[in-house]
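Below are the chains, spelled out letter by letter.
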Amino acid sequence: MKAVVYQGPFNVTVEEVEDPRIEEPLDAIIRITTSNICGSDLHPYEGRAELEAGMVIGHENMGIVEEVGPGVDRIKVGDRVSVPFNIACGTCRNCNDGYTSACLRANPTGMPGAGYGYPKMGGYWGGQAELLRVPWADFNLLKLPEGKEHESDFTLLSDIFPTGYHGAELAGVSPGHTAVVFGAGPVGLLAAYSSLIRGAAQVFVVDKEPDRLGLAEQLGAKPINFANEDPTEVVLDATGGLGADCGIEAVGYQAHDATGQEHPEMVLDKLVEAVRATGHIGVVGVYMPEDPGAANELAKHGRIAFDYGTAFTKGISIAGGQCPVKKYNRYLRDLIIAGRAEPSLIVSHEVGLDEAPDAYEKFDKRVDGYTKVLLHP
């Protein structure tokens, strides 16, 4: 099959590789119809998360079931399905508690949590390819309506729409709340969108990229360009000096100031400022336990020195972690089917698999207009 293969920092190529095959009775093989480039893919692409050369990448996948193992009985050949980026066994303690993002069996390294085509997530090949092997298919796969309708919406169910919604859930966004989202990348935009779906009275989105802030405004949020104004002052002015009820961190450990200098604590500090006393912060931006390329020694070892003292004094609750996609994807699918959600509003480009290297480069450089790229094998 044809696949996008990681060769090293800033180097992905499209190669012919061996087709995946059924390895266990509960496996399925999916013929990919759409796979997406995720902001998280840029971590290994930039060399900030160590990935073995030769790995097929891509964890946001959907397609048609082509083959199933002898133990699969719910999923059938020909089913159109969304593939959660979490690989989960469905039977361990964490899976039984709904934490499919922290499966205790799927990752052979012994770490909780597994996924496709990503560092330290179990060595499973990703789906930026023509075919993908899915373990524990009956448990993991989400059935979709037949046909091609809503393809660009459904493809976001594998990660970023549920992850954005997870951010709103962790931050406790409820009807009438004011929310502030830091980061107008795909996850941040869908966190803002999810906050509005959940009934937030007003949602602010903070970034410095004008094209992405323009998209935030189109979704119904109020953009704040932190290169031109202080987000804390804007939020405090809009809330009578109280601050936002809810804050969502959708940036992660590579946060940059307006000049491009990296400050891994910057977004957490600003959220502590902008969120009211006894408010809530949900962190869905990625932080790493080890980051040799970090801007300071603490951050190189996963230690982020943000203003926890003020957060404690204000009684702000902070929650975070990878999204357990299966917790949300059925309901978000049904919102799409009912016409109540259209997350594909953030999609900027749809290209063939052969164009993936060029798309990676442009997405990484934040070329104007490159927000979310879909790949069609």
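Going by the structure above, here's the rest.
Fair warning: this is a prediction, and the values are worked out from it, not measured in the lab.

(A) Representation of helix 8 (residues 231-238). Taken residue by residue, helix 8 has Pro231, Thr232 and Val235 as its buried positions. For helix 8, the buried positions fall inside an angular range of 100° around the axis, keeping them on one side. Here the buried face of helix 8 lies against strand 8 (178-182), strand 9 (202-207), strand 10 (222-225), strand 11 (244-249) and helix 9 (266-274). The distance from a side-chain oxygen at the start of helix 8 to the backbone nitrogen of threonine 232 is 3.1 Å, and the residue carrying that oxygen is aspartate 230. Two residues or fewer past helix 8, glycine 240 is found with a positive phi of approximately 65°.

(B) The arrangement of the layout of surface pockets in detail. Of the volumes computed, that of the second largest pocket is approximately 290 Å³. Residue lining of the second largest pocket: 13 residues in total, with Pro20, Arg21, Glu23, Trp125 and Arg133 positioned closest to the centre. By residue class, the composition of the lining of the second largest pocket is six nonpolar, two polar and five charged.

(C) Spatial organisation of the environment of leucine 42. Topologically, leucine 42 is positioned in helix 1 (residues 42-45). The class of leucine 42 is buried, set by a relative accessible area of 4%. Apart from the residues within four sequence positions on either side, leucine 42 is in contact with Tyr360, Phe363, Asp364 and Arg366.

(D) Structural context of the side chain of arginine 48. Summarising the element assignment, arginine 48 is placed in the loop between helix 1 and strand 4 (60-68). Residue classification places arginine 48 among the buried residues on the basis of a relative accessible area of 13%. In contact with arginine 48, not counting residues within four places along its chain, are His43, Tyr253, Gln254, Glu262, Asp291, Gly293 and Ala294.

(E) The packing of helix 8 against helix 9, seen in detail. In contact at an axis separation of 9 Å, helix 8 and helix 9 are set at 20° when each is read in the N-to-C sense. With respect to their mutual orientation, helix 8 and helix 9 come out roughly parallel. Pair helix 8 / helix 9 crosses with right-handed handedness. Packed against helix 8, whose contacting residues are Pro231, Thr232 and Val235, the element helix 9 presents Lys270, Glu273 and Ala274 at the interface. Of the residues that constitute the contact of helix 8 with helix 9, the class distribution is three nonpolar, one polar and two charged.

Reading guide: rules and limits
Residues numbered from 1 in each chain as written. Predicted model: local features only at pLDDT ≥ 70, side-chain atom pairs only at ≥ 80, totals over all residues. Heavy atoms only, no water. Buried < 20%, exposed > 50% of the residue type's maximum accessible area, 1.4 Å probe, protein only. Helix = DSSP H or I, 4+ residues; strand = E, 2+ residues; numbered from the N terminus. Arc of directions from axis to C-beta. Contact = heavy atoms within 4.5 Å. Polar contact = N/O pair within 3.5 Å; in protein donor to acceptor, adjacent residues only side chain to side chain. 1 Å grid on protein atoms, 1.4 Å probe; cavity = no way out; pocket = protein on both sides within 12 Å on 5 of 7 lines; lining within 4 Å. Points joined across faces, edges and corners; volume = space filled by probe spheres on them. Nonpolar A, V, L, I, M, F, W, Y, C, P; charged D, E, K, R; others polar. Axes fitted to C-alpha atoms, helices over the stretch in contact; angles between N-to-C directions. Parallel < 35°, antiparallel > 145°, perpendicular 65-115°, else oblique. Left-handed = near helix turned anticlockwise from the far one by under 90°.

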